[in-house]
Structure formats: C-alpha cells, structure tokens
2 protein chains.
Amino acid sequence: MVRIDDTDRKILIELQEDASRSLDEIAKAVGSSKTPVWNRIRKLREAGVIGPQTVRLDADALGFEACFFVLIRTSEHEAAWQRRFLAALKARPEVQEAHRLAGDIDYILKVRVRNARAYDAFYQALISEVKVHNVTALLSMEEIKSTTALPL
Amino acid sequence: MVRIDDTDRKILIELQEDASRSLDEIAKAVGSSKTPVWNRIRKLREAGVIGPQTVRLDADALGFEACFFVLIRTSEHEAAWQRRFLAALKARPEVQEAHRLAGDIDYILKVRVRNARAYDAFYQALISEVKVHNVTALLSMEEIKSTTALPL
DNA sequence: ATTGAAAGAACCAGTTT
DNA sequence: AAACTGGTTCTTTCAAT
C-alpha cells in the first residue's frame, strides 16, 4: 500500500473524473501548479497507482444490450482445474468482471453481451471447457449505476 | 443504436485499450491518418458513443482491499420506495455498480470499501435509509479480471 | 515551487482526390 | 464524401532558477 498525501488524493479524484483535461486545469483544480502536479502524476504512474487511461463507451449505443451476473458453484477445487478456469475467463472478452468468492458461491462473473442468445453461446462454451457444478444467471434489467471510481 | 463502420470499430478498440496515445499513433494503428480519425472521434463523442475519459486506479495500492457483491431482495415495489432506493445508491460513492434484476433477486450491487468494517458501516447506513427484505453479501477473495472494455 | 522555453500534439481551414 | 496538407494554438515536458 502506497502513501498518498492530500494533494495526491485531489489529483487522483480529478483524474478519475476526467482524465482528458490539461495539466493546467488539473493543477488549478487541486490548488497547485503545473510542474509539481506533473511530478506527482509521474510518480503515481511509476508506483502503479495510476494505471491505464481509457474511454468509457456507451454499451447500449453499441448494441450490447444484455448484462448478466453469473453465480458459479463448483465441486472441483484442485489447482489444475482452477488454472484452466481462470485462463478461460481471462480469454473471453465478454467477461468484464470475474471474482473468486468466500463462502457458498465460488465465483461471480459480470458478462456483457449483445443479447440473450450471445449469453447462451458464452455459457455453452464455458461449461464445455471446464466443469462447473451449478450456475445461476442474473439478468440486469437496468443499470442504475456503473463506475470504476474509487471513493477517495 | 448507432451505426458504426469497421474503421470506427477499430478506433474504439484502440481507445478502449489506451486512450492516452496521440491521434497519429491511433491513426497508424487503424490504418488511416490524423484528420479522418479525428473527425470520426469527434462524431462518436457527439453521438455519446465515446463517453468520459478516465484513469484506472489500483484499488489495493490505495487501500481499498475489500470488495463485496450484494444481493438484495425487497418486498416493496412502489415507485416512491424505488426512487428513494436508487437515489441512495447513486449518492453512495462506495457503490461502484448497481443493477435492477429480473427474477428472484431484485438488485445486485458491487461495493468497494477499505475493509469489512467499512462495509458494515455502509450496510447499516443503507438499511436505515430504505427498508429491504433480504440482503446477502458475497465477499471477493480475488479479483480475477476487471475491465470496462466492450467485446467489440 | 515557479518560470520559461523547446518539442510535440490537437485542432481546424483550405485543398485535393 | 472522404483524405491529405499545413499552420496556429494549446500541452506536455523538462531544465534552470
């Protein structure tokens, strides 16, 4: 865990919100000036705190109208099985999130696809690659909120 | 839904991957040149296909070590209740995702906090604001994958 | 931490295919 | 209608104070 002071925090908040602004604008927003802000950003990047810069695309506008949360229970817990399972998830671009869980349910996925048929294709492909015990798919009707911003 | 041609798709793929690169580099990557790419990006932005530009921060490095998926069942289905519930979710920065679901479970949340205590504080605050019937929290042990990139 | 300056990128108009 | 050219303006980057 990296030590971050108040100015760093402000810079990160600004960048999370809109990374397209110029150094000058960000410096003004955090109450500092160009060079010190630039040096801090460089350090935060080197430390890996600031990762890649991306654009957020409108999923609906691009025809990705279906979003599923998939709860997975498995009976297999060997290292080899897990390795294959993780590799399969990482390789599939429709899997936007994958977490290994504590407790009853072993994994949760967030899967973004064009429609229900595309989800089924994904599901069939996945279960043919690796054996899973029980799968529950939750279909999103409405995306109330979606952000990657941390509550700094 | 917006009509997108092959060049637009390539541009979006590049921007999703790394939006910090210069127009020239993106143009080269998609096999075109600066001006046409610039015009296309402008149009995609105006159409809302390209949204805000953000940086991805390292949650662990910043001390956000706990991530919960929260499954919520409610007995209330009136408009007024729902309005209050949605407003509460939108207002809470630790809620990174919130979806209204089809079926048995009514809502799913992704909640990112510093530790289990912070989750409990969030949970207590939420249920004191709005009445919910049943809440299950799934604790993430390992983030296998996390991206906002669409499978273009 | 500020200034300032050189290199580079974005943006836009005019022109061409 | 779409792509190239070139030039103005804004940014980034970094050295010197």
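The notes below deal with the structure included here. (Residues numbered from 1 in each chain as written. Chains lettered and ligands numbered in written order. Predicted model: local features only at pLDDT ≥ 70, side-chain atom pairs only at ≥ 80, totals over all residues. Heavy atoms only, no water.)

### A short note on the pattern of salt bridges
For side chains bearing opposite charge, pairing can occur when the charged atoms are close.
Okay, step 1: What the rule picks out here adds up to 24 salt bridges over all chains.
Okay, step 2: Note that Arg42(B) is salt-bridged to Glu46(B), the shortest N-O span being 3.3 Å. Pair noted here: Arg42(B) and Glu46(B) are both in helix H3 (residues 34-46), with a separation of 4 residues, about one helical turn.
Okay, step 3: For Arg42(B), a relative accessible area of 32% gives the class partly exposed.
Okay, step 4: Since its relative accessible area comes to 60%, Glu46(B) is described here as exposed.
Okay, step 5: By sharing partners, the salt bridges in this structure join Asp5(A), Asp8(A) and Arg40(A) into a single network. (Salt bridge = Lys/Arg side-chain N within 4 Å of Asp/Glu carboxyl O. Helix = DSSP H or I, 4+ residues; strand = E, 2+ residues; numbered from the N terminus. Buried < 20%, exposed > 50% of the residue type's maximum accessible area, 1.4 Å probe, protein only.)

### Remarks on the packing of helix H1 (residues 6-17) of chain A against helix H2 (residues 23-30) of chain A
Residue and element names in this part refer to chain A.
Okay, step 1: Contact geometry of H1 with H2 gives a least axis separation of 9 Å together with a crossing angle of 130°. Looking at the two axes, H1 sits oblique to H2. Note on packing geometry: the crossing formed by H1 with H2 is right-handed. In contact with Lys-10, Ile-11, Glu-14 and Leu-15 of H1, H2 contributes Ile-26, Ala-29 and Val-30.
Okay, step 2: Residues that form the contact of H1 with H2 fall into these classes: 5 nonpolar, no polar and 2 charged. (Axes fitted to C-alpha atoms, helices over the stretch in contact; angles between N-to-C directions. Parallel < 35°, antiparallel > 145°, perpendicular 65-115°, else oblique. Left-handed = near helix turned anticlockwise from the far one by under 90°. Contact = heavy atoms within 4.5 Å. Nonpolar A, V, L, I, M, F, W, Y, C, P; charged D, E, K, R; others polar.)

### A short note on the packing of aromatic side chains
Describing an aromatic ring pair means giving the distance of the ring centres and the angle of the ring planes.
Okay, step 1: Per the counting criterion, the structure on display carries 12 aromatic pairs over all chains.
Okay, step 2: Ring geometry for Tyr119(A) and Tyr123(A): centres 6.3 Å apart, planes at 25°, overall stacked. On the criterion of helical spacing, the pair formed by Tyr119(A) and Tyr123(A) is a turn pair, its members being 4 residues apart in helix H5 (residues 116-129).
Okay, step 3: Look at Tyr119(A) and you get buried, because its relative accessible area is 8%.
Okay, step 4: The class for Tyr123(A) is partly exposed, based on a relative accessible area of 25%.
Okay, step 5: Taking 4.9 Å as the distance between ring centres and 20° as the angle between the ring planes, the aromatic pair formed by Trp81(B) and Phe85(B) counts as stacked. You can see Trp81(B) and its partner Phe85(B) sitting in helix H4 (residues 79-91), 4 residues apart, about one turn around the helix. (Phe/Tyr/Trp six-rings, centres within 6.5 Å; stacked < 30°, edge-to-face > 60°.)

### Things to note about empty space enclosed by the protein
Okay, step 1: The tally for this structure, following the rule as stated, stands at 2 cavities of 30 Å³ or more.
Okay, step 2: As a volume, the largest cavity reaches approximately 50 Å³.
Okay, step 3: Around the largest cavity, the lining residues are Thr54(A), Arg56(A), Thr148(A), Thr54(B), Val55(B), Arg56(B) and Thr148(B).
Okay, step 4: Top element by residues in the lining of the largest cavity is strand S1 (residues 50-57) of chain B. It accounts for 3 residues.
Okay, step 5: Per-class residue counts for the lining of the largest cavity are 1 nonpolar, 4 polar and 2 charged.
Okay, step 6: Roughly 30 Å³ of volume is contained in the second largest cavity.
Okay, step 7: Sorting the residues of the lining of the second largest cavity by element identifies strand S2 (66-73) and strand S5 (134-146) of chain A as the ones contributing at least two each. (1 Å grid on protein atoms, 1.4 Å probe; cavity = no way out; pocket = protein on both sides within 12 Å on 5 of 7 lines; lining within 4 Å. Points joined across faces, edges and corners; volume = space filled by probe spheres on them.)

### Here we look at the protein's contact with DNA strand D
Okay, step 1: Around DNA strand D lies a shell formed by Arg21(A), Ser22(A), Leu23(A), Lys34(A), Thr35(A), Trp38(A), Ser33(B), Thr35(B) and Pro36(B).
Okay, step 2: Those atoms of DNA strand D that come within 4 Å of the protein belong to sugar or phosphate at a rate of 68%.
Okay, step 3: Within the side chain of Lys34(A), one N or O atom sits 3.3 Å away from a base oxygen of DNA strand D.
Okay, step 4: For DNA strand D, a phosphate oxygen lies 2.7 Å from a polar atom in the side chain of Trp38(A).
Okay, step 5: Elements supplying a minimum of two residues to the surface near DNA strand D: helix H3 (34-46) of chain A together with H3 of chain B.
Okay, step 6: The dominant element in the surface near DNA strand D, judged by the number of residues it contributes, is H3(A), at 3 residues.
Okay, step 7: Within the surface near DNA strand D, the residues separate by chemical class into 3 nonpolar, 4 polar and 2 charged. (Near = heavy atom within 4 Å. Polar contact = N/O pair within 3.5 Å; in protein donor to acceptor, adjacent residues only side chain to side chain.)

### Re the protein's contact with DNA strand C
Okay, step 1: Neighbouring DNA strand C are Ser33(A), Lys34(A), Thr35(A), Pro36(A), Ser22(B), Leu23(B), Lys34(B), Thr35(B) and Trp38(B).
Okay, step 2: Considering DNA strand C, the proportion of its atoms within 4 Å of the protein that are sugar or phosphate atoms stands at 65%.
Okay, step 3: Between DNA strand C and the protein, one listed contact pairs a phosphate oxygen with a side-chain N or O atom of Ser33(A) at 2.5 Å.
Okay, step 4: Here a phosphate oxygen of DNA strand C and a backbone polar atom of Leu23(B) are 2.9 Å apart.
Okay, step 5: At the level of secondary structure, the elements contributing two or more residues to the surface near DNA strand C comprise H3 of chain A together with H3 of chain B.

### Observations concerning the relation of the copies chain A and chain B
Okay, step 1: Between chain A and chain B, which share one sequence, the superposing operator has a rotation angle of 180° and an axial displacement of 0.0 Å; the RMSD is 0.0 Å. As the rotation angle and translation indicate, the two copies are arranged about a two-fold axis. By C-alpha distance to the rotation axis, the residue of chain A lying nearest is Thr54(A), at 2.8 Å.
Okay, step 2: Interface overlap between copies is the fraction of interface residues in one copy that are interface residues in the other; for chain A against chain B it reaches 100%, indicating a shared surface. (Least-squares fit on C-alpha atoms with pLDDT ≥ 70 in both.)

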